[in-house]
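Coordinates in review
Each chain, letter by letter, is given below.
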Amino acid sequence: MSCTFIKRGILFTLLLCSGFQISKAESFIFTKDPFVVQAIALPTVTSPVNYCQDEVASPLTATGTDLSWYTTATGGTKLAAAPTPATTAAGTTSYYVTETVDDVESARVEIKVIVSEIPAPPVLTTPVYTFCKGSVPTNLSAVGTSVQWYTAPTGGSPLTSVPVANTSIVGTTSYYLTQTVNNCESPRVKMDVVVTDLSAEPTVTSPTTYCASTTPVTALVAAGTAVQWYATATATTPLASAPIPNVNVSVTTTYKYYVTQTEAGVCESAKKEVVVTVTKLALPTVSAEAVEFCLNEVATGLTATGVAGATWNWYASSTGTETVSNIPATTTAGNKIYYVSQIKDG
């Protein structure tokens, strides 16, 4: 193998060697005769070096002897000191470094400095979440990459998971969100979670009692703002209008309805139960035998049996509305028919 060198004292710069391929001139040290050449090692670097836009940068570093720094791959003038990369603009900048041993400078090694753009904050499809007190909250969400949640506009550590809105406490809770792209974190954007109190329950009479009748009754009434009626305690869709209980029943029947109100600036109240009972009384029981009195005899009152606690109305006709005494008159001979009804709870 033959080599061509430039002699510099006891140092030789290898220009060409036959017998093996080289791609560029390298520096060697002549050590003894017959000569042995030793290549000068390149400095050790870390590349690429990554920064976020406007991040405070540090001077570049490399491991080697008598380092020299350049801004070009060849030629140019070495810098006075290790450069501190500019981070004001996003992009990639290359720097070059060499080491010098015994007055011989190595080849240049490239260090790429990548400055990544600061991403925009994540997109809040719902910047303000509103819940009613005690409701089951929906999941909070945002559109972005590696979204992180904070409880303060600056500083602090990110939460370990997406928070769940606490609807047991009325008030506003703010969260601050970022996204991270290329290891650069965006500015924070605020999301508010508003928990609103419930309205008071409306005023309504419950229980309400009706007597069975073929005559319809009017709709139920509750006092409140934006009153709504529901058929069940778990219904989410209100009735179109206030319910009208069916009183044309053959047996005593109980209905349950539920009513709410929504006052200004607050949520719909809890459902208030309204119990409606339609009472159907059986006919009272009377003696199947005729009750007989002698003329001018002192009569005793007619009797009937029925439900416990009932009171009685006696009539002289089956369709009359005027009540009469249940003690028959005996001053005149003849037959007289009486009619009786029983009344319970009005």
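To be clear, the structure that these remarks concern was listed above.
On a predicted model such as this, the values are computed, not experimentally measured, just so you know.

What follows is about the sheet that holds strand β16 (residues 189-196). Read from one edge of the open sheet, 4 strands run β11-β16-β13-β12, paired in mixed fashion. Each of the sheet's edge strands pairs with one partner strand only, and the pair in question is β11 (128-132) and β12 (148-150). Each neighbouring strand pair of the sheet contributes to a mean axis angle of 25 degrees, computed without reference to strand direction. With 3 bridges joining them, β12 and strand β13 (residues 171-178) adopt antiparallel strand pairing. Each residue of the ladder has a partner; that of W149, found in β13, is L177.

All right, on to the layout of surface pockets then. In this structure, the largest pocket encloses a volume near 870 Å³. Residue lining of the largest pocket: 27 residues in total, with V291, L302, K336, I337 and Y338 positioned closest to the centre. Here the lining of the largest pocket is built from residues that sort into 18 nonpolar, 6 polar and 3 charged. A volume near 470 Å³ is recorded for the second largest pocket. Surrounding the second largest pocket, 23 residues form its lining, A212, L281, L283, S341 and Q342 being those nearest its centre. For the lining of the second largest pocket, the secondary-structure elements that each account for two or more residues are β23 (311-315) and β24 (339-343). In terms of residues, the lining of the second largest pocket owes the most to one element, β24, which gives 5 residues. In terms of residue class, the lining of the second largest pocket is built from 11 nonpolar, 10 polar and 2 charged.

This structure, assessed with the given rule, holds 2 disulfides. Residue pairing for C132: its cysteine sulfur links by disulfide to C267, the two sulfurs lying 2.1 Å apart. Across the S-S bond of C132 and C267 the torsion is about -90 degrees, and the bridge reads as left-handed. On the criterion of sequence distance, the pair formed by C132 in strand β11 and C267 in the loop between β21 (253-260) and β22 (272-279) is long-range, its members being 135 residues apart. A relative accessible area of 29% means that C132 is categorised as partly exposed.

The next point concerns the nonpolar core. Formed by 14 residues in total, the largest nonpolar core has its most connected members in Y210, L220, W229, V274 and V276. When contributions to this core are tallied by element, the ones reaching two or more residues are β21 and β22. Setting aside residues no more than four positions away along its own chain, Y210 makes contact with V217, T218, L220, P245, V247, V276, T277, V278 and T279. V49, Y95, V109 and I111 belong to the second-largest nonpolar core, a separate cluster that totals 11 residues.

A word on the pattern of salt bridges. The full count for this structure, using the stated rule, is 2 salt bridges. The shortest N-O distance in the salt bridge between D192 and K190 comes to 3.9 Å. D192 sits in the buried class, given a relative accessible area of 16%. K256 is the salt-bridge partner of E273, the closest N and O atoms lying 3.8 Å from each other. Here E273 is found in strand β22, whereas its partner K256 is found in strand β21, with 17 residues between them in sequence.

Glancing now at the side chain of S106. Along the chain, S106 falls in the loop between β9 (104-105) and β10 (109-116). Given a relative accessible area of 8%, S106 falls into the buried group. Sequence-distant contacts of S106, that is, excluding residues within four places in its chain, are made with I40, A41, L42, P43, T98 and E99.

About the cut-offs
- Residues numbered from 1 in each chain as written.
- Predicted model: local features only at pLDDT ≥ 70, side-chain atom pairs only at ≥ 80, totals over all residues.
- Heavy atoms only, no water.
- Pairing = 2+ DSSP bridges.
- Helix = DSSP H or I, 4+ residues; strand = E, 2+ residues; numbered from the N terminus.
- Axes fitted to C-alpha atoms, helices over the stretch in contact; angles between N-to-C directions.
- 1 Å grid on protein atoms, 1.4 Å probe; cavity = no way out; pocket = protein on both sides within 12 Å on 5 of 7 lines; lining within 4 Å.
- Points joined across faces, edges and corners; volume = space filled by probe spheres on them.
- Nonpolar A, V, L, I, M, F, W, Y, C, P; charged D, E, K, R; others polar.
- Disulfide = S-S within 2.5 Å.
- Buried < 20%, exposed > 50% of the residue type's maximum accessible area, 1.4 Å probe, protein only.
- Core = buried A, V, L, I, M, F, W, Y, C linked by side-chain atoms within 4.5 Å.
- Contact = heavy atoms within 4.5 Å.
- Salt bridge = Lys/Arg side-chain N within 4 Å of Asp/Glu carboxyl O.

Shape descriptors only; they carry no functional weight alone.
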